[in-house]
Amino acid sequence: MKRVLFLFLDGVGLGDGDRGFNPFVQARMPNLNSVLDGRIMLRGISAFSTDRVSFVPADACLGVAGMPQSATGQGAILSGINIPYRIGKHWGPKPNAEIRAFLRKDNLFKRLRNQGSVVGIANAYPPTFLSAVESGRRALSSIQFAMKCAGVNLMTESDLRQGRAFAADFTGESWHSKLGFKDTPILNLEEAGQRLACAARAYGLLLFDHWMTDVIGHRGSMDEAVTILENFDEVFGGILNTWCVDDGLVIIASDHGNLEDKSTKRHTLNPVPVLIIGKGHRKVAANIRDISDISPALLSYLRM
Ligand SMILES: [Zn+2]
């Protein structure tokens, strides 16, 4: 079966090997390390494939001056178009009218849905977020907007309770500690990964938006950066022990650098990691050089 589980890590690039500034050097990530045959994801590592995985350092600058931003980066990932080049700048965090017009016209989710495929964002959005969007007080990200253009609603508290959608921190603890819920489900990290992998079997493409990595890149400490990577690795472990090669592809990708360099609170010019696991990973990876190549590569995989 051809399907894709897309683990989108916002603001995660390939940094240098400085232990003081790059949380990837400090974090214990046994699952990622084993998939990468012991390599750490750093700048300067060339594209490679093993039997299990392909890794590509993808350019996120797209030939446009200035720091890459989320709205244009996510827009490029989902439209397959070099949107920053077309609009003459990197832009974010939320998409402006020009970026929205590109996504409205065509995007990965919309394209797949029109082909009869089931697409979704695996995140559960809290009622406060959804009502702020409804009233116009908050704007959708490019990822969320692209899904809306495909005619698919964001998932809610009820989807979280029923195990169909996942909290931003994967475990759901933040729904208790930050959002004040007392009885929404709490999972451990590995279990969240296992359930996410199972949930993906009902989709042609299911994307989890791990936006917290960019937030920690901007505002978090080094310790928080290490923790979010280690937590993600546990989730990834749960996905790996549940996902069968025949289930399709798991792809990890990002829109721009940030978290990998704690010497700055800003985005970086670093390339971003693209990791592809599952039968056919080499063929998909072979077509990816920059982040605007991701969508066409996934579309041609899903058509194969
Ligand atoms: Zn950011």
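Anything mentioned here points back to the structure above.
On a predicted model such as this, the values are computed, not experimentally measured, just so you know.

(A) Structural detail: the overall build of the protein. Along its length, the protein carries 15 helices and seven strands. Since a compact globule built from 304 residues should have a radius of gyration of about 19 Å, the 18 Å found for the protein is in line with a globular shape. C-alpha atoms of the protein, sized along the principal axes, occupy 45 × 40 × 40 Å. Nonlocal contacts in the protein, meaning residues at least 24 apart in sequence, comprise 72% of its contacts between residues at least 6 apart. Roughly 12,600 Å² of accessible area belongs to the protein as shown, and the carbon and sulfur atoms make up 51% of that amount.

(B) The coordination of the zinc ion, seen in detail. On the protein side, the zinc ion has Asp214 (OD), Asp214 (OD), His218 (NE2) and His267 (NE2) as donor atoms, found 2.0 to 2.8 Å from it. Positions of the donor residues of the zinc ion, expressed as sequence spacing, correspond to D-x3-H-x48-H. One end of the pair, Asp214, and the other, His218, are both in helix α12 (residues 212–219), four residues apart, so they sit about a helical turn from each other. Note on His218: relative accessible area 26%, which makes it partly exposed.

(C) Fine view of unusual backbone geometry. Here Gly92 and Pro93 are connected by a cis peptide whose omega angle stands at 5°. Secondary-structure assignment places Pro93 in the loop between α4 (83–87) and α5 (97–105). Although it is not a glycine, Asp37 adopts a positive phi angle of roughly 55°.

(D) Looking closely at the pattern of salt bridges. Counted under the stated rule, the structure contains nine salt bridges. The partner of Arg43 in a salt bridge is Asp16, and the shortest N-O contact between them spans 3.7 Å. One end of the pair, Arg43, is in the loop between α2 (30–35) and β2 (48–49); the other, Asp16, is in the loop between β1 (4–9) and α1 (23–26), with 27 residues separating them in the sequence. Where Glu157 meets Arg161, a salt bridge forms, and the shortest distance between an N and an O atom there is 2.9 Å. Note that Glu157 and Arg161 are positioned in helix α9 (residues 157–161) at a spacing of four residues, about one turn of the helix. When salt bridges that share partners are traced, they join Glu157, Arg161 and Asp183 into one network.

(E) Focus on empty space enclosed by the protein. Inspection of the entire model under this criterion finds one cavity of 30 Å³ or more. What the largest cavity holds in volume is close to 40 Å³. As for the largest cavity, its lining consists of Leu9, Phe24, Met29, Leu32, Met41, Leu229, Phe232, Ile252 and Leu275. Tallied by class, the residues present in the lining of the largest cavity amount to nine nonpolar, no polar and no charged.

(F) Up close: the layout of surface pockets. Estimates place the volume of the largest pocket at around 1,200 Å³. Together, 42 residues line the largest pocket, and Ala168, Trp211, Met212, Val215 and Arg219 are the ones closest to its centre. Counting only elements with at least two residues in the lining of the largest pocket, the list comes to α3 (70–79), α7 (127–134), α10 (173–177), β5 (205–210), α12 and α13 (222–240). Top contributing element to the lining of the largest pocket by residue count: α12, with six residues. Taken together, the residues of the lining of the largest pocket sort by class into 15 nonpolar, 17 polar and 10 charged.

(G) Molecular detail of the environment of Ser263. Residue position: Ser263 is located in the loop between β6 (249–253) and β7 (272–277). Between the C-alpha atoms of Ser263 and Gly44, which are 219 residues apart in sequence, the distance is 19 Å. Polar contacts involving the side chain of Ser263 include one to the side chain of Asp261, which spans 2.5 Å.

(H) Examining the sheet that holds β1 more closely. Here we have seven strands laid out as an open sheet, ordered β2-β3-β7-β6-β1-β5-β4, and mixed in their pairing. Whereas interior strands pair on both sides, the edge strands pair on one side only; in this sheet they are β2 and β4 (119–121). One ladder, built from five bridges, connects β1 with β6; its direction is parallel. Residue Phe6 lies in a different strand from β6, and its bridge partner there is Ile251.

Conventions used here
- The numbers attached to residues start from 1 for each chain and follow its sequence in the written order.
- At least 70 in pLDDT is required for a residue's local features to be given in this predicted model, at least 80 for side-chain atom pairs to be given and counted, and no such filter applies to totals for whole chains, interfaces and linings, which use all residues.
- With hydrogens and water set aside, each side-chain value is computed from the structure's full complement of heavy atoms.
- We count a stretch as a helix when DSSP gives it H or I for four or more residues in a row; a strand needs E for two or more, and each element gets its number in order from the N terminus.
- With the radius of gyration taken over C-alpha atoms, the globule rule is written as 2.2 Å times the number of residues to the power 0.38.
- Here a residue-residue contact requires only that any non-hydrogen atoms of the pair lie within 4.5 Å.
- Accessible surface area values rest on a Shrake-Rupley calculation with a 1.4 Å probe, where residue burial reflects the displayed protein chains alone.
- Donor atoms (N, O, S) are those found within 2.8 Å of the metal centre, with the cutoff raised to 3.2 Å for Na, K and Ca; water is not part of the atom list, so apparent gaps in a site can occur.
- Each residue gets one of three labels from its accessible area relative to the maximum for its type: buried under 20%, exposed over 50%, partly exposed in between, using a 1.4 Å probe on protein chains only.
- When a carboxyl oxygen of Asp or Glu lies within 4 Å of a side-chain nitrogen of Lys or Arg, that pair is called a salt bridge.
- A pocket here means an open set of points on a 1 Å grid, computed over the protein atoms alone, that has protein on both sides within 12 Å along at least five of seven lines. A cavity is instead a set of points where a 1.4 Å probe fits but cannot get out; residues with an atom within 4 Å of a point line either one.
- Grid points are joined across faces, edges and corners, and a volume is the space filled by probe spheres set on the points.
- For this classification, Asp, Glu, Lys and Arg are treated as charged, while Ala, Val, Leu, Ile, Met, Phe, Trp, Tyr, Cys and Pro are nonpolar and the rest, including Gly, are polar.
- Polar contacts, as counted here, are pairs of nitrogen or oxygen atoms within 3.5 Å of one another; within protein the pair requires one atom able to donate a hydrogen and one able to accept it, and residues that are adjacent in sequence qualify only if both atoms are side-chain atoms.
- Paired strands, in this sense, are two strands between which DSSP finds at least two bridges.

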